[in-house]
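One-letter residues, chain by chain:
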Amino acid sequence: MIEMSREAFEDLVGEALDTIPAGLAAQMRNVVVVVEDDAPEPGLLGLYQGVPLTERGDWYGAVLPDHISIYRREILRICDTEEEVVEEVRITVIHEIAHHFGIDDRRLHDLGY
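Residues numbered from 1 in each chain as written. Predicted model: local features only at pLDDT ≥ 70, side-chain atom pairs only at ≥ 80, totals over all residues. Heavy atoms only, no water.

As recorded by an unreviewed UniProt entry, the chain carries the name Metallopeptidase family protein and is attributed to Actinomadura violacea.

Here it is as structure tokens:
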């Protein structure tokens, strides 16, 4: 396990978000990304909660934002170097954003995420 301050970890999440292509980032609607220290269950690195863009219809309005959580301690627990943390944060952020776009875990696994 590697140690990293919450601030440094949040910076990594911000940097990962900055790598999202502008065309995709512009399509993200009503979603917030947050860093949380602890996951609700062991081994969970990130979690998307909300209604994917592909499932939204005319009924969708006046709802709370979708919520993407990135779990700091779980990611740090599985990494031995700062470089591994950077890569795991990037993968986790992309994975959870993909859920916002309606991509399921099976397809993400096929894509290497």
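Next comes the rest of the description.
Draft legend 1. A look at the pattern of salt bridges. On inspection of all chains with the given rule, the structure shows six salt bridges. Arg73 is paired through a salt bridge with Asp38; the nearest N and O atoms lie 2.9 Å apart. One end of the pair, Arg73, is in helix 3 (residues 72-78); the other, Asp38, is in the loop between strand 1 (31-36) and strand 2 (46-49), and 35 residues separate them in sequence. What makes Arg73 partly exposed here is its relative accessible area of 38%. With relative accessibility at 48%, the residue Asp38 sits in the partly exposed group. Counted as one network, the salt bridges with shared partners bring together Arg6, Glu10, Asp37 and Arg72. (Salt bridge = Lys/Arg side-chain N within 4 Å of Asp/Glu carboxyl O. Helix = DSSP H or I, 4+ residues; strand = E, 2+ residues; numbered from the N terminus. Buried < 20%, exposed > 50% of the residue type's maximum accessible area, 1.4 Å probe, protein only.)

Draft legend 2. Region of interest: the packing of helix 1 (residues 6-18) against helix 4 (residues 82-100). Contact pair helix 1 / helix 4: the axes reach a minimum separation of 9 Å and the direction vectors enclose 55°. Relative to helix 4, the element helix 1 is oriented oblique. Helix 4 is crossed by helix 1, and the crossing has right-handed handedness. From helix 1, Phe9, Leu12, Val13, Ala16 and Leu17 reach across to helix 4, where they touch Val85, Val86, Val89, Arg90, Val93 and Ile97. Among the residues forming the contact of helix 1 with helix 4, the class breakdown is ten nonpolar, no polar and one charged. (Axes fitted to C-alpha atoms, helices over the stretch in contact; angles between N-to-C directions. Parallel < 35°, antiparallel > 145°, perpendicular 65-115°, else oblique. Left-handed = near helix turned anticlockwise from the far one by under 90°. Contact = heavy atoms within 4.5 Å. Nonpolar A, V, L, I, M, F, W, Y, C, P; charged D, E, K, R; others polar.)

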